[in-house]
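If you want the building blocks of each chain, they are given just below.
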Amino acid sequence: MDMRWLEDFIALAETANFTRAAKERHLTQSAFSRRIKSLEIWLGVKLIDRKTYPVMLSNVGEEFLPTAKELVNSLMRTRLNLQNIEGQSTNNIRFAAPHTISVHHLTTILFKLSQSIPNIKTTVHSDDLYDCCDALNNGACDFLMCYRHPNIKFALDEKRFTRIDLKEEKMVPVSIASETGGAKWQLNNNDDNIIPYLAYSPGTYLGVLTEKFETTLAKRFEIKHYDAYAEALKSLALCGAGLAWLPQKAIETELERGELLLAGTEEWHIPIKLSIFANTENFDDVSREIWDIFSKLIL
């Protein structure tokens, strides 16, 4: 049994709506429904009355809801206590970051921290943005590093946490070069040529960022692949499988070498910020020193 199924069930109980609950959980509705169904199969009972609108819990579901909440809270408390024990014994600082940021930003930053604080020990939880936000929300990490767009919310109560914006960046459309030079697929062309498109999985944060352009270009795009991870789309783009929007930092070497080329002008670029979040009220001396370094960091 996956604890996230319990969190999905609680979200559905609170929203009484599959679509809203799936959005809160950063899942497609079909994936969310499958997870609710998996919980029902594991329990061997029907938790949801699917014949009603808005959605209502079955009698068994109503009975199970307080237990589900207590199970989640108890597991979170236990996890936090164990991690605090480990942290106290090892002076370990815990970071959470989506995969692309972990690879292209955090490794360099951790090296700089180790030079300033020689005895520091670090652990990185590298996952999708939802799970990274969940780690910070529940105290399973000390710092969260992520991309942020001011108009797009994600699963983090920003009122609880302090934020530092480290760097401005862009998501840019790229493709391999054509035989005659220039990007093989160009967004600025007004022709009717179909563009093979490498898309982020629906419901992912980077997928939400690119959604507006995907809608605008729907008639020109033929989606060839969905993936939650920018690194996977980058690999496919380098193979010539299609056009993809990727963070500039993740492809700066490939752009310099000409292995990937910009496939659209500035109007097709998506501004984002690299930010770090933390609950500064829980800081010890080492965490405060790290936060002070972040406040002066130039990337």
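Described below are features of the structure shown in this document. (Residues numbered from 1 in each chain as written. Predicted model: local features only at pLDDT ≥ 70, side-chain atom pairs only at ≥ 80, totals over all residues. Heavy atoms only, no water.)

Considering the packing of helix α8 (residues 230-238) against helix α9 (residues 248-257)
Line of reasoning, step 1. Between α8 and α9, whose axes approach to 11 Å, the crossing angle comes to 20°. Judged by the angle between their axes, α8 and α9 are roughly parallel. At the point where α8 passes α9, the crossing takes the right-handed sense. Across from E231, K234 and L238 in α8, the residues of α9 making contact are A250, I251 and E254.
Line of reasoning, step 2. Broken down by class, the residue content of the contact of α8 with α9 amounts to three nonpolar, no polar and three charged. (Axes fitted to C-alpha atoms, helices over the stretch in contact; angles between N-to-C directions. Helix = DSSP H or I, 4+ residues; strand = E, 2+ residues; numbered from the N terminus. Parallel < 35°, antiparallel > 145°, perpendicular 65-115°, else oblique. Left-handed = near helix turned anticlockwise from the far one by under 90°. Contact = heavy atoms within 4.5 Å. Nonpolar A, V, L, I, M, F, W, Y, C, P; charged D, E, K, R; others polar.)

With respect to the nonpolar core
Line of reasoning, step 1. Judged by nonpolar contacts, the single largest core of 73 residues is most densely connected at F143, M145, W245 and F294.
Line of reasoning, step 2. In contact with W245, not counting residues within four places along its chain, are M171, V172, P173, L187, Y197, Y200, T210, F213, L217, F221, W268 and I270.
Line of reasoning, step 3. Among the nonpolar cores identified, the runner-up in size contains 22 residues, and W5, L47, F64 and A68 belong to it. (Core = buried A, V, L, I, M, F, W, Y, C linked by side-chain atoms within 4.5 Å. Buried < 20%, exposed > 50% of the residue type's maximum accessible area, 1.4 Å probe, protein only.)

What about unusual backbone geometry?
Line of reasoning, step 1. Positive phi, close to 55°, is recorded for A16, a residue that is not glycine.
Line of reasoning, step 2. Residue position: A16 is located in the loop between α1 (3-15) and α2 (18-24).

Points about the environment of L297
Line of reasoning, step 1. The residue L297 is located in the segment after α10 (285-296) in this model.
Line of reasoning, step 2. L297 gets classed as buried once you look at its relative accessible area, which sits at 17%.
Line of reasoning, step 3. Here the alpha-carbon distance between L297 and H26, two residues 271 residues apart in the chain, equals 31 Å.
Line of reasoning, step 4. Apart from residues lying up to four places away in sequence, L297 is in contact with I109 and K112.

Re the pattern of salt bridges
Line of reasoning, step 1. Going through the model one piece at a time under the given rule, you end up with 14 salt bridges.
Line of reasoning, step 2. Note that R4 is salt-bridged to D131, the shortest N-O span being 3.5 Å. Of this pair, R4 sits in helix α1 while D131 sits in helix α6 (residues 129-137), and the two are 127 residues apart along the sequence.
Line of reasoning, step 3. Overall, the relative accessible area of 31% leaves R4 in the partly exposed class. (Salt bridge = Lys/Arg side-chain N within 4 Å of Asp/Glu carboxyl O.)

Here we look at the environment of A232
Line of reasoning, step 1. Among the secondary structure elements, A232 is positioned in helix α8.
Line of reasoning, step 2. Residue classification places A232 among the partly exposed positions, given a relative accessible area of 25%.
Line of reasoning, step 3. With 32 residues separating them along the chain, A232 and Y200 place their C-alpha atoms 9.8 Å apart.

Quick look at the pairing of strand β4 (residues 121-127)
The two faces of a sheet get side chains in turn, since along a regular strand they alternate between them.
Line of reasoning, step 1. Summarising the sheet, strand β3 (residues 92-98) and β4 pair through seven bridges and their orientation is parallel. Across the sheet, R94 pairs through a bridge with T123, a residue of β4.
Line of reasoning, step 2. Crossover connection from β3 via helix α5 (residues 99-116) to parallel β4: handedness right-handed. (Pairing = 2+ DSSP bridges. Right-handed = clockwise from strand over helix to strand, strands pointing away.)

Here we look at the packing of α5 against α10
When two helices pack together, their arrangement is given by the angle between their axes and by how far apart the axes lie.
Line of reasoning, step 1. Here α5 crosses α10 at 120°, and the two axes come no closer than 11 Å. Taken as axis vectors, α5 and α10 run oblique relative to one another. The hand of the α5/α10 crossing is right-handed. Between α5 and α10, the contacting residues are I109, L113 and S116 on the first element and E289, I290, I293 and F294 on the second.

Observations regarding the pairing of strand β11 (residues 270-278)
Line of reasoning, step 1. With seven of nine residues buried, β11 is to be regarded as a mostly interior element.
Line of reasoning, step 2. Where strand β5 (residues 143-148) meets β11, five bridges bridge the pair, whose relative direction is antiparallel. Across the sheet, the residue bridging to L144 is F277, located in β11.

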